[in-house]
Amino acid sequence: MIRSLVAGAALIAVAAAVQAAEPTEPNVVARTAAMKTIGKNTKLLGNMAKGSVAFDASAAQQAALAIAGEAANIPSLFETQADDPASEAKPVIWQQYDDFTMKAADLEDAASAAAESILAQADIGPALGQLGAACKACHSTYRE
Ligand code: HEC
């Protein structure tokens, strides 16, 4: 009995932690889902660069195209100034929306260029350098 109570309390604690970390506001859910897709594809490229995932030119190009596609959606995904306790977006986004969308366009350009330049495993590193710079340029100003 005590044991199941403790287990139940632990489950509730875990559920609460998950809830705190995951947004529920629909706009925030959509924009963080896009960022997760960008993150997942960037990680795949990183793993191919390291060799922990076998290099596959077509898969690498698809990953870059997926990043470009999500980057193109950033301006509309962030258009509404939505908030959520789990959001890491800074309000300054909506004070400098033109600059924010320019940084999204920079990522789209870097990802489109990566989709063309990655023909061999050795091409991934330089492409990731460009992509990483585009993430950082935006996150450093607009993400907590
Ligand atoms: C134009 C700006 C911009 C660019 C470019 C950008 N991000 Fe983001 N990113 C954001 C903002 C803003 C958030 C916070 C969103 C929120 O929590 O509401 C975020 C959040 C994230 C998150 C967390 C998502 C979650 O689960 O809450 C990941 C992962 C991420 N970005 C990865 C990347 C990667 C990788 C790149 C580059 C390949 C990138 N981002 C480029 C603005 C950008």
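Residues numbered from 1 in each chain as written. Predicted model: local features only at pLDDT ≥ 70, side-chain atom pairs only at ≥ 80, totals over all residues. Heavy atoms only, no water.

Undergrad: So what exactly am I meant to see when it comes to the coordination of the iron atom of the ligand here?
TA: Looking at the iron atom of the ligand, one finds its protein donor set to be M35 (SD) and H139 (NE2), positioned 2.1 to 2.4 Å from the metal centre. Geometry at the iron atom of the ligand is octahedral, judged from the six donor atoms that bind it and their angles of 86 to 179 degrees at the metal. Here M35, found in helix α2 (residues 26–50), pairs with H139, found in helix α5 (residues 124–142); they are 104 residues apart in sequence, far enough to count as distant. (Donors = N, O, S within 2.8 Å, 3.2 Å for Na, K, Ca; no water. Tetrahedral: all angles 85-135°; square planar, octahedral: opposite > 155°, others 65-115°. Helix = DSSP H or I, 4+ residues; strand = E, 2+ residues; numbered from the N terminus.)

Undergrad: What am I meant to see in α2 here?
TA: Look at α2: 36 Å from first C-alpha to last across 25 residues, which is about the 36 Å you get at 1.5 Å a residue. The complete set of buried residues in α2 reads V28, R31, A34, I38, N41, L45, G46, N47 and M48. For α2, the secondary structure elements touched by its buried residues are α3 (57–77), α4 (97–117) and α5. Just downstream of α2 lies G51, where phi reads positive at about 95 degrees. (Expected span 1.5 Å × (residues − 1). Buried < 20%, exposed > 50% of the residue type's maximum accessible area, 1.4 Å probe, protein only. Contact = heavy atoms within 4.5 Å.)

Undergrad: I'm lost on the site of the ligand in this one. Help?
TA: Close to the ligand lie 23 residues; M35, S87, C135, C138 and H139 are nearest. Separating an oxygen atom of the ligand from a backbone N or O atom of E88 is a distance of 2.7 Å. Taking H139, its side chain carries an N or O atom lying 2.8 Å from a nitrogen atom of the ligand. Among the elements of the structure, α2, α4 and α5 are those that each provide at least two residues to the shell around the ligand. No other element matches the eight residues that α2 contributes to the shell around the ligand. Considering only residue class, the shell around the ligand consists of 13 nonpolar, five polar and five charged. (Near = heavy atom within 4 Å. Polar contact = N/O pair within 3.5 Å; in protein donor to acceptor, adjacent residues only side chain to side chain. Nonpolar A, V, L, I, M, F, W, Y, C, P; charged D, E, K, R; others polar.)

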